[in-house]
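Geometric and topological summary
The residues making up each chain are set out below.
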Amino acid sequence: MSSVKDQYTRKNIRSTILKRVIIRIDVSGVINFDEFIQKLKKANFMHQSFKRMRYLSDTRDSRPLKRIIPRNGTLPLSSPIQGEGYHFFECSIDACSDAHLFITPDCISLSINCNEAYGGSEKYTRFMLEILDSLAETESYINIERVGIRKIDSVDVRNLQCAREIFDTDFVVIKDFDSCNGIKESTKTSIYQNGEIHFNVVQHLSQSQSGLYNLVFDVDSYINDDEAVEHYIMNRDEWFNLLYGEMQDKMFEYFKDVVTVDYLEKCKV
């Protein structure tokens, strides 16, 4: 059944509340890690994408959080990435890019701070596929265990009426604040599966001591089935269609389901 929201697509919407996008690849079987890093440091696509790099010696260094897994109806929980690694920064993948690349022997993670200047994920997705190509050329027995994309929308508003101007009735945690006196926090976690792709969808609303309401819509999409991953890694075009198309198209549909038409209209480009 058609909907008035069908006219809004990933190409004609730029959400001002999108705060962070994370593209993450978990790997195992990396034997020649130093050789892989040296290859990246010499690659033209890396020099065109990041201007600076620093070595991370242990978990005290600044780095992204590990795997995102919702538990017991709470916001996704994470643990630090362990071991040595490298942090690439001063990104130039896109105009006004504020992105950071972290690489360890078991993880490649690109974290993008959107800051209302995010021009879409196509260039970043293609960049990560370049990283995968370089890794495959260096390592004969590389195993990709998980590929995930996470998008986090977040906004602070002064009252619930302002919240309703952004989120519609499908953002159900607002109803808890309408019906329960004294409530300070509400979270709804939904887990879906579409073929081999998993989706963790979190709605969260909390009120701070200052009285502001913080609304979070957090979608984590991933694939971790061995046979499915093996199928995609054999064909780069299918990798791109999976990451940029199938996974992120569905993530955008989840986003459209919970925001108002008025908000979508304001985000048109």
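Let me sum up the structure you'll find in this document. (Residues numbered from 1 in each chain as written. Predicted model: local features only at pLDDT ≥ 70, side-chain atom pairs only at ≥ 80, totals over all residues. Heavy atoms only, no water.)

Attention now moves to the pattern of salt bridges. Note that side chains of opposite charge can pair when their charged atoms are close. The final tally for this structure, using the stated rule, is 12 salt bridges. With a closest N to O distance of 3.5 Å, Asp94 and Lys123 form a salt bridge. Separated by 29 residues along the polypeptide, Asp94 in the loop between strand 3 (85–91) and strand 4 (99–104) and Lys123 in helix 3 (residues 122–138) bring together distant segments of the chain. The exposure class assigned to Asp94 is buried, which follows from its relative accessible area of 18%. For Arg164, the salt bridge goes to Asp178, with nearest N and O atoms at 2.5 Å. On the criterion of sequence distance, the pair formed by Arg164 in helix 4 (residues 160–166) and Asp178 in helix 5 (residues 173–179) is long-range, its members being 14 residues apart. Overlapping salt bridges, with partners in common, bring together Lys11, Glu122 and Arg126 in one network. (Salt bridge = Lys/Arg side-chain N within 4 Å of Asp/Glu carboxyl O. Helix = DSSP H or I, 4+ residues; strand = E, 2+ residues; numbered from the N terminus. Buried < 20%, exposed > 50% of the residue type's maximum accessible area, 1.4 Å probe, protein only.)

All right, on to the packing of helix 1 (residues 33–42) against helix 3 then. In contact at an axis separation of 10 Å, helix 1 and helix 3 are set at 135° when each is read in the N-to-C sense. When the interaxial angle is binned, helix 1 and helix 3 end up oblique. With respect to the hand of their crossing, helix 1 and helix 3 are arranged in right-handed fashion. When helix 1 is examined against helix 3, the residues Glu35, Phe36, Lys39 and Leu40 are found in contact with a partner set consisting of Ile131, Ser134, Leu135, Glu137 and Thr138. Of the residues belonging to the contact of helix 1 with helix 3, the class tally is four nonpolar, two polar and three charged. (Axes fitted to C-alpha atoms, helices over the stretch in contact; angles between N-to-C directions. Parallel < 35°, antiparallel > 145°, perpendicular 65-115°, else oblique. Left-handed = near helix turned anticlockwise from the far one by under 90°. Contact = heavy atoms within 4.5 Å. Nonpolar A, V, L, I, M, F, W, Y, C, P; charged D, E, K, R; others polar.)

This next bit is on a negative patch on the surface. Together, Glu145, Asp225, Asp226, Glu227 and Glu230 line one region of the surface with negative charge. The element contributing the most residues to the negative patch is helix 6 (residues 226–233), with three residues. Relative to the elements of secondary structure, Glu145 occurs in strand 6 (residues 143–157). Note on Glu145: relative accessible area 34%, which makes it partly exposed. (Patch = residues over 30% accessible without salt bridge, like charges linked within 9 Å, V, L, I, M, F, W, Y side chains within 5 Å. Areas by Shrake-Rupley, 256 points an atom, 1.4 Å probe, with all protein chains shown as cover. Lys, Arg positive; Asp, Glu negative; His and termini not counted. Charge placed at Lys NZ, Arg CZ, Asp CG, Glu CD.)

Take the sheet that holds strand 6 next. Spatial ordering of the open sheet is given by 2-3-4-5-1-6-9-8-7, a layout of nine strands whose pairing is antiparallel. With one partner strand each, in any of the chains shown, strand 2 (50–56) and strand 7 (185–194) form the two edges of the open sheet. On average, adjacent strands in this sheet sit at an angle of 15° to one another, irrespective of strand direction. In terms of strand pairing, strand 4 meets strand 5 (residues 107–113) through six bridges, oriented antiparallel. Bridging across to strand 5, Ala99 finds its partner in Ile112. (Pairing = 2+ DSSP bridges.)

Turning to helix 3, a few remarks are in order. Helix length check: helix 3, at 17 residues, gives a terminal C-alpha distance of 25 Å against a target of 24 Å (1.5 Å per residue), a fit within 8%. Among the residues of helix 3, Tyr124, Thr125, Phe127, Met128, Leu129, Ile131, Leu132, Ser134, Leu135 and Thr138 are the ones counted as buried. (Expected span 1.5 Å × (residues − 1).)

Turning to the pairing of strand 1 (residues 18–28), a few remarks are in order. Here strand 1 lies mainly inside the structure; eight of its 11 residues are buried. Across 10 bridges, the pairing between strand 1 and strand 6 is antiparallel. Looking at the pairing, Arg24 lines up with Gly148 of strand 6.

The next thing to look at is the side chain of Asn113. The topology assignment puts Asn113 in strand 5. With relative accessibility at 18%, the residue Asn113 sits in the buried group. Reaching out from Asn113, the side chain makes a polar contact with the side chain of Arg20 at a distance of 3.2 Å. Here Asn113 is in contact with Lys19, Arg20, Asp98 and His100, once residues within four sequence places are set aside. (Polar contact = N/O pair within 3.5 Å; in protein donor to acceptor, adjacent residues only side chain to side chain.)

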